[in-house]
Amino acid sequence: MACGPPRSSTCCGARRIRPSSIASRAASEPADSAARATPTCSATVAAHGARTIAAMTTVRVRIAPSPTGPLHIGTARTALFNYLFARHAGGTFILRLEDTDVARSTPEFEEDILEHLHWLGLEWDEGPAAGGLPERGAFGPYRQMARRDLYRAAAEQLLAEDRAYPCYCTAEELDADRKLREEAKLPSRYSGRCAALTPDERAAFAAQGRRPAIRFRIEPGVVAFDDMVRGHVEIDASALGGDLVIVRVDGTPLYHFGVVVDDAAMGITHVIRGEDHLSNTPKHILLFRALRYPVPVFAHLPLILNADRTKMSKRKSQTAVKDYIAEGFVREALVNYLALLGWSTGTEEEILSLDDLVGRFDTAAIQKGGAIFDRGRLEWLNGQWIRRLADDDLASRLAPFLAAEAAAGRIDRAPSPADIVALLPMVRERLPVLGAIGELVGFLYVDDLVPDAALLVPKRWDAATARAGLAVALAAITEAGEAGFTKDDLEPSLRGLADARGWKAGDLFMAIRVAISGRTATPPLFESMVALGRARTLERLARAVAVLAA
RNA sequence: GCCCCCAUCGUCUAGAGGCCUAGGACGCCACCCUUUCAAGGUGGAGAUCAGGGGUUCGAAUCCCCUUGGGGGUACCA
């Protein structure tokens, strides 16, 4: 990450802050000072003066998914950006599971997330035990539910310093408060009912058997920070909704609390996440400060949007990575597409591998506005990547889709690996997704094919002509024998047949195409016939003649 | 409601005050290639840079306002 043009930012008035310089500040400065959260022009000096420090400070970033659903396209994109940032900087990419929503978290979702991040090639340097592999990293455990002691200690510290207090309000009371403020058209905010309870009052609640949640005191003031994507952001603490619950009655931490305790404990230097967290960032900064932790640098990524420009959701879009995999999108295309959603190289390159992306990644070029997920463009990229894969690689990726076709009964048998490789020249350019393979070549692997009589008759022909055409083709192929049954012999022979009778070759070919495949759109005809085999080709031609005779 | 963020072809984007008559890609249309379908090639339509004010000799680019959109506002993450 060199200083200076073309893509590095300036300091004062710049919307982008050099990540490495801030990294050194965040990681090396002791807690406290408001200046830490609001780097100003003095950062220029720090930035240049601290280059050696910045160079020595290892970037540590994380992806912190919540196992409350399968891996989401948005989570994958955030993971990718963190991965690219870490790898580009020679830093560490960490995976942490935020499983404190006990009601919605499941081991199955956890597995889905891990498996598919791995599938995308986003290997983490530190993370939980998974898939039979042991936990990696010196900052574990990497599951929040296994880190409860840390949250408890942090909460106790805040309690002891009166930065937080026990709150005995019930859900009903809170709901009633909320409703009241809503009706009065007031901004929602905690009433502060428990903020100034005396020890006696607390004891009284406890005696009633009421157990408290813990609330963090939001002190008045303006919280400011310099976002790597958005520049300087200021939010008045009065807009934060009042004192914040950080620990539930059941003792589990809430997101805003766990994320801060863990990011600090894990030495996270840069928090790269979706823009949906931007408004909550002041809460995190206030907690970092109250706990005397260094504040990391933030980068809020633009959201991925549904077609109607709302935040991409399961309701309106296909969001599970596994569903894209099931359709036959390849990892290279998904990674390539996701990287270019909200970021660009500044060049006209479009086809980029994960390694290419690592080399070119630069947070200064991250887009600020949200981006609609464009499936058409993804498909185009997928086709590009499919065309670039090596034969064996593509064949082995295709195999499961063919096996699935067989399992579903759409074909009677799946081709061997060698057969699939042989198919490649005629299918490679016809696959927007791997899952299209069944439609494309399925006719080669069905035993009983009866073509539709109407399809057998080309537009310019009538049924009698079609029948005659197929019959002469059948005769010619029979006569040519096994030796003449090659792509190069078949074409001139059949073309000659058509010419001799004054038919358009294309019409004859179409009739044959439908006869052998049942379809009007197929891979190239003569290659298809060879793939089908002479015996079955003849059999199907005979069958078609019979169909037209009926 | 309140707070925050955002704004260049339908979509993803290039653009760092003169290289902009706004470039590329996807999609769309036409033509070429061609046995169908693709792929590929060539060309085309498509953005008064959301609108209005400034600043400047000069603004897509800087500032302000308006409008529009989005996000946040939980004992969800």
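Residues numbered from 1 in each chain as written. Chains lettered and ligands numbered in written order. Predicted model: local features only at pLDDT ≥ 70, side-chain atom pairs only at ≥ 80, totals over all residues. Heavy atoms only, no water.

### Side note on the protein's contact with RNA strand B
Right, on to step 1. In the region of RNA strand B, 68 residues are neighbours, and Asp101, Arg248, Glu429, Arg430 and Arg513 sit closest.
Right, on to step 2. Considering the 4 Å shell around the protein, atoms of RNA strand B inside it are sugar or phosphate in 72% of instances.
Right, on to step 3. Within the side chain of arginine 248, one N or O atom sits 2.3 Å away from a phosphate oxygen of RNA strand B.
Right, on to step 4. Note that a phosphate oxygen of RNA strand B is positioned 2.6 Å from one of the side-chain N or O atoms of arginine 495.
Right, on to step 5. Per-element tally for the surface near RNA strand B: the top contributor is helix H15 (residues 375-388), with 5 residues.
Right, on to step 6. Broken down by class, the residue content of the surface near RNA strand B amounts to 26 nonpolar, 17 polar and 25 charged. (Near = heavy atom within 4 Å. Polar contact = N/O pair within 3.5 Å; in protein donor to acceptor, adjacent residues only side chain to side chain. Helix = DSSP H or I, 4+ residues; strand = E, 2+ residues; numbered from the N terminus. Nonpolar A, V, L, I, M, F, W, Y, C, P; charged D, E, K, R; others polar.)

### Quick word on the pattern of salt bridges
Right, on to step 1. On inspection of all chains with the given rule, the structure shows 33 salt bridges.
Right, on to step 2. Between arginine 375 and glutamate 379 there is a salt bridge, and its shortest N-O distance comes to 2.9 Å. In this pair, arginine 375 and glutamate 379 are both assigned in helix H15, 4 residues apart and thus about one turn of the helix distant.
Right, on to step 3. Judged by its relative accessible area of 27%, glutamate 379 falls in the partly exposed class.
Right, on to step 4. When the shortest N-O distance is used, the salt bridge between arginine 413 and aspartate 447 registers 2.9 Å. (Salt bridge = Lys/Arg side-chain N within 4 Å of Asp/Glu carboxyl O. Buried < 20%, exposed > 50% of the residue type's maximum accessible area, 1.4 Å probe, protein only.)

### Examining the packing of aromatic side chains
Right, on to step 1. The final tally for this structure, using the stated rule, is 11 aromatic pairs.
Right, on to step 2. With centroids separated by 5.3 Å and ring planes inclined at 45°, the aromatic side chains of tryptophan 343 and phenylalanine 361 adopt a geometry described as tilted. One end of the pair, tryptophan 343, is in the loop between helix H13 (331-339) and helix H14 (354-360); the other, phenylalanine 361, is in the loop between H14 and strand S11 (371-372), and 18 residues separate them in sequence. You'll find tryptophan 343 and phenylalanine 361 in the same group, each marked buried.
Right, on to step 3. Among the aromatic side chains, those forming a connected cluster through ring pairs are Tyr324, Phe329, Tyr337 and Phe373.
Right, on to step 4. Over the ring of phenylalanine 139 we find arginine 60; its NZ or CZ atom is 3.9 Å from the centre of that ring.
Right, on to step 5. Here the guanidinium or amino end of arginine 215 rests over the ring plane of tyrosine 190, the centre of that ring lying 3.4 Å away. (Phe/Tyr/Trp six-rings, centres within 6.5 Å; stacked < 30°, edge-to-face > 60°. Lys NZ or Arg CZ within 6 Å of the ring centre and 35° of its normal.)

### Considering the nonpolar core
Right, on to step 1. Ranked by size, the top nonpolar core spans 114 residues in total, and within it Phe373, Leu470, Ile512 and Met529 carry the most contacts.
Right, on to step 2. For this core, the element with the highest residue contribution is helix H5 (residues 73-89), accounting for 9 residues.
Right, on to step 3. Tyr151, Val247, Leu286 and Ala290 belong to the second largest nonpolar core, which has 35 residues in total. (Core = buried A, V, L, I, M, F, W, Y, C linked by side-chain atoms within 4.5 Å.)

### Re the confidence of the model for chain A
Right, on to step 1. Across chain A, the average pLDDT comes to 89, with 90% of residues at or above 70.
Right, on to step 2. Confidence over residues 1-55 falls short of pLDDT 50; this stretch has 91 contacts with residues more than four positions distant or in other chains.
Right, on to step 3. Here the prediction assigns the complex a pTM of 0.90, and the interface score ipTM is 0.96. (pLDDT = per-residue confidence, 0-100. Contact = heavy atoms within 4.5 Å.)

### Some points on the packing of helix H20 (residues 463-480) against helix H24 (residues 534-549)
Right, on to step 1. It is at 9 Å that the axes of H20 and H24 come closest, and there the two elements cross at 155°. The angle between H20 and H24 places the two elements in the roughly antiparallel class. Regarding H20 and H24, the two cross each other, and that crossing is left-handed. Contacts between H20 and H24 pair Ala463, Ala466, Arg467, Leu470, Ala471, Ala473, Leu474, Ile477 and Thr478 from the former with Arg534, Leu538, Leu541, Ala542, Ala544, Val545, Leu548 and Ala549 from the latter.
Right, on to step 2. Residue composition of the contact of H20 with H24, grouped by class: 14 nonpolar, 1 polar and 2 charged. (Axes fitted to C-alpha atoms, helices over the stretch in contact; angles between N-to-C directions. Parallel < 35°, antiparallel > 145°, perpendicular 65-115°, else oblique. Left-handed = near helix turned anticlockwise from the far one by under 90°.)

### Topic: helix H22 (residues 505-517)
Right, on to step 1. Here H22 is 13 residues long and its end C-alpha atoms lie 18 Å apart, about the 18 Å a rise of 1.5 Å per residue gives.
Right, on to step 2. Of the positions making up H22, those classed as buried are Ala505, Asp507, Leu508, Phe509, Ala511, Ile512, Arg513, Val514, Ala515, Ile516 and Ser517.
Right, on to step 3. On its buried face, H22 is in contact with helix H19 (453-456), H20, helix H21 (487-501), helix H23 (525-532) and H24.
Right, on to step 4. Glycine 518 occupies a position one or two residues after H22 and carries a positive phi of about 80°. (Expected span 1.5 Å × (residues − 1).)

### What to know about the side chain of asparagine 82
Right, on to step 1. Structurally, asparagine 82 is set in helix H5.
Right, on to step 2. Apart from residues no more than four positions distant in its own chain, asparagine 82 is found in contact with Val61, Arg62, Phe93 and Ile272.

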